[in-house]
Amino acid sequence: MNKTEAELYAKLCKFKLDDPTAPYPMSAKLAWEYHWSEIYTLRAMCEYKKYIFLAAIAEGMVSPSSAIDCVWHYHLLYTHSYWEELCGKMLRKSLHHYPGDSGASQRYDYTIELYQSYFGSPPADIWDFPPFHSNHLDRHQRYWQIPNPIYWVKKYLSLSLFHHSSEKREETKR
């Protein structure tokens, strides 16, 4: 890593993806939407910053993993943070999101090679292979997900309410 790249990476590491004034910080929305644990969410956000670094310094186009793509989609929703702070002030260039196409697999291979040259081996649970959005999806690959406890509470309550309402209907029929 040369001096310019090291400075950019240091800035990205310090860049706050969660706005402390936002009623729903990005990390909370990601964890909720994808049923990710807090630790996994924070790790994915750190890996997203590495991806942004690679996208900024790459000679060609790079392609994110499925988890990184999820983080990127959410960051795009926080328009001020993404377009003004990250792209405008930090990168000083636009970084547009293009949906996967037939060349995504080759770009993903290039991205992994670039990642390895800067950061070593990528964590397999975040940098999946093949990427979720590629044409070579392995539908048998599974990951453990720890769902938000609120999901289970709602599920229990809905089943409980259904059970009680069906009992009441039976009683009124008698």
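Placed above this text is the structure.
Residues numbered from 1 in each chain as written. Predicted model: local features only at pLDDT ≥ 70, side-chain atom pairs only at ≥ 80, totals over all residues. Heavy atoms only, no water.

Engineer: Quick question: what am I supposed to make of the packing of helix α2 (residues 26-34) against helix α3 (residues 38-57) here?
Structural biologist: A pair of packed helices is characterised by two quantities: the angle between their axes and the separation of those axes. Remark: α2 packs on α3, axes separated minimally by 9 Å, with the N-to-C direction vectors making an angle of 120 degrees. Handedness of the α2/α3 crossing: right-handed. Contact residues: Met-26, Ser-27, Leu-30 and Ala-31 in α2; Thr-41, Leu-42 and Met-45 in α3. (Axes fitted to C-alpha atoms, helices over the stretch in contact; angles between N-to-C directions. Helix = DSSP H or I, 4+ residues; strand = E, 2+ residues; numbered from the N terminus. Left-handed = near helix turned anticlockwise from the far one by under 90°. Contact = heavy atoms within 4.5 Å.)

Engineer: Could you clarify how one ought to interpret the side chain of Ser-81 in this entry?
Structural biologist: Structurally, Ser-81 can be placed in helix α5 (residues 79-91). Excluding its chain neighbours within four sequence positions, the residues that come into contact with Ser-81 are Phe-15, Lys-16, His-75 and Leu-86.

Engineer: Teacher, can you tell me more about the environment of Glu-38 here?
Structural biologist: Positionally, Glu-38 belongs in helix α3. Sequence separation between Glu-38 and Ser-27 is eleven residues, and the spatial gap between their C-alpha atoms is 7.8 Å.

Engineer: It is not clear to me how helix α1 (residues 3-14) should be interpreted in this structure. Could you clarify?
Structural biologist: Spacing of three or four residues puts side chains on the same side of an α-helix, whose turn is 3.6 residues. The end-to-end C-alpha distance of α1 is 17 Å, a good match for the 16 Å that twelve residues give at a rise of 1.5 Å each. Inspection of α1 places Glu-5, Leu-8, Tyr-9 and Leu-12 among the buried residues, and these make up the whole buried set. All buried residues of α1 lie within an arc of 100 degrees about the axis, which places them on one face of the element. Opposite the buried face of α1, at more than 90 degrees from it, the exposed residues are Lys-3 and Lys-14. At the N-terminal boundary of α1, the capping side chain belongs to Asn-2, with an oxygen 3.1 Å from the backbone nitrogen of Thr-4. (Expected span 1.5 Å × (residues − 1). Buried < 20%, exposed > 50% of the residue type's maximum accessible area, 1.4 Å probe, protein only. Arc of directions from axis to C-beta. Polar contact = N/O pair within 3.5 Å; in protein donor to acceptor, adjacent residues only side chain to side chain.)

Engineer: How should I be thinking about the side chain of His-75 in this particular structure?
Structural biologist: The residue His-75 is located in helix α4 (residues 66-77) in this model. Here His-75 falls in the buried class, since its relative accessible area comes to 0%. A polar contact is formed between the side chain of His-75 and the side chain of Ser-81, at a distance of 2.9 Å. With sequence-adjacent residues up to four places away left out, His-75 is seen in contact with Phe-15, Leu-17, Met-26, Tyr-48, Ser-81, Tyr-82 and Leu-86.

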